[in-house]
Amino acid sequence: AHYRADSRGELHLGTDASHGGDYTGVEPMGLFWSLAPAAMEKPYQRLVPRNTDAPMKVEVLVHQGHSPPGAMPGPVVAKAEVQRLFTAPGVRRIRLKEGVVRGSLFLPPGDGPFPGVIDMYGDEGGLIEFRSSLLATHGFAALSLPYFDFEDLPRVMKELKLEYFEEAARFLQRHPKVKGPGVGVIGTGKGAELALSMITFLPEVVAAVSISGCSSNTVADLHYGEMTLPGLRFDMKKVSVSDSGVFDIFDALDDPANPANSPSVIPIEKAEGHFLLVVGEDDRMWKSSLYAELAIRRLRQHGKENFELLSYPGAGHRIDPPSTPFCQVAMDRVLGVPVLGGGESKAHAHAQEHSWGKIQEFLHLHLG
């Protein structure tokens, strides 16, 4: 970023504007959300903390003068190390092996009881903890829940049983530190659609946050007792590849609005709880704005207004907690190729910041 210091050689990121570089304008956290792999690093890598116990260390350098992209910057005149903490002092992390349920439970300091939230990500699999640790830092008992490719869970997402998620919801609901009577769930991508299924079928779940989700079940069939929601499939013939080798899968998912695909629709009108739908209007992973519209239409057709929609122009697919570096193209773990997620960096950063506050408000409102 290009800044101009005052007569004392000082500047304030909260009030002074950047005049160039990776962003312009007054952006107090711009240096963080605009972080991207350097030219010599592997491209398309997403920067997320692997370990929530240790702070993420960022070295900030101040160079003399402004340099154009790709040029060598001027001499270093000052530097400092900044630490980003993802867990507040006193937050406890408990690794879970509870029946079939795996994951990590983050508990805020103090006696509680606290509102309980299950946190899930998408088809990258494994255990992703940083949103859960941040939720615990803000007063929630947060269960980071993997559902494949972790410990003794299935390696790939072929089919899913809702009973696994039911057991997780019951464990959290019964935990002595959790307020109850109901728990909430927050999910991104595939995790968002699982959140919709959980609030639909599981009475323990009373609030669901769906970030960039689909209103139908996708990819893996979902079983619950005798019921099965078949997964919509991706048609690889509808994938386009750019000259630089980036895959655009925006049009590839089977159309959930096609009557032939109605068996995959999640019957969210059965839910007694409340929905918060969060979408980026420039999501290129799939048509999450359309899927939110379909969900709202379905609820309204059944006389329900138990939802809120946050729709962000210029935001892409993965709307994470604030100042998570924007990643327009990321390596897809399943396909092993770079996939377009969409969005524009500044708009996406503002969506992350605004939605994070609204998500917490929503969960506090419905979980107490």
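Residues numbered from 1 in each chain as written. Predicted model: local features only at pLDDT ≥ 70, side-chain atom pairs only at ≥ 80, totals over all residues. Heavy atoms only, no water.

Trainee: Would you take a moment to explain the sheet that holds strand β10 (residues 221–224) for this structure?
Mentor: Across a sheet, strands are paired by hydrogen bonds formed along the backbone, either parallel or antiparallel in direction. Here three strands make up an open sheet; going across it, the order is β7-β10-β11 and the pairing mixed. At either margin of the open sheet sits one strand with a lone partner, and together these are β7 (159–161) and β11 (227–229). With direction set aside, neighbouring strand axes in the sheet form an average angle of 20°. Across three bridges, β10 lies against β11 in antiparallel orientation. Pairing of Y224 across the sheet is with M227, part of β11. Against the sheet, helix α3 (residues 162–174) makes contact with β7 and β10, and its axis sits at roughly 60° relative to β10, the strand it touches most. (Pairing = 2+ DSSP bridges. Helix = DSSP H or I, 4+ residues; strand = E, 2+ residues; numbered from the N terminus. Axes fitted to C-alpha atoms, helices over the stretch in contact; angles between N-to-C directions. Contact = heavy atoms within 4.5 Å.)

Trainee: Looking at this structure, I do not really get the pairing of strand β6 (residues 141–144). What am I missing?
Mentor: A two-sided burial pattern is seen for β6, the buried positions comprising A141 and L143 on one face and A142 and S144 on the other. With three bridges joining them, strand β4 (residues 101–107) and β6 adopt antiparallel strand pairing. Along β6, the bridge assignment pairs F106 with A142. Where strand β5 (residues 116–120) and β6 come together, four bridges link them in parallel fashion. Residue D119 lies in a different strand from β6, and its bridge partner there is S144. (Buried < 20%, exposed > 50% of the residue type's maximum accessible area, 1.4 Å probe, protein only.)

Trainee: Please explain the packing of aromatic side chains as it appears in this structure.
Mentor: We describe a pair of aromatic rings using the distance from one ring centre to the other and the angle between the two ring planes. Per the counting criterion, the structure on display carries eight aromatic pairs. Aromatic side chains Y23 and W33 sit 5.4 Å apart centroid to centroid with 50° between the ring planes, which places their arrangement in the tilted category. Note that Y23 is positioned in the segment before α1 (30–33) and W33 in helix α1, a separation of ten residues in sequence. In terms of burial, Y23 and W33 fall into one category: buried. On the numbers, 5.3 Å between centres and 90° between planes, the contact of Y164 with F165 is edge-to-face. Residues Y164 and F165 agree in their burial class; the two are buried. Joined through ring pairs, the aromatic side chains of Y147, F148, Y164 and F165 make up one cluster. Its guanidinium or amino end placed over the ring of Y121, R131 lies 4.1 Å from that ring's centre, counting from NZ or CZ. (Phe/Tyr/Trp six-rings, centres within 6.5 Å; stacked < 30°, edge-to-face > 60°. Lys NZ or Arg CZ within 6 Å of the ring centre and 35° of its normal.)

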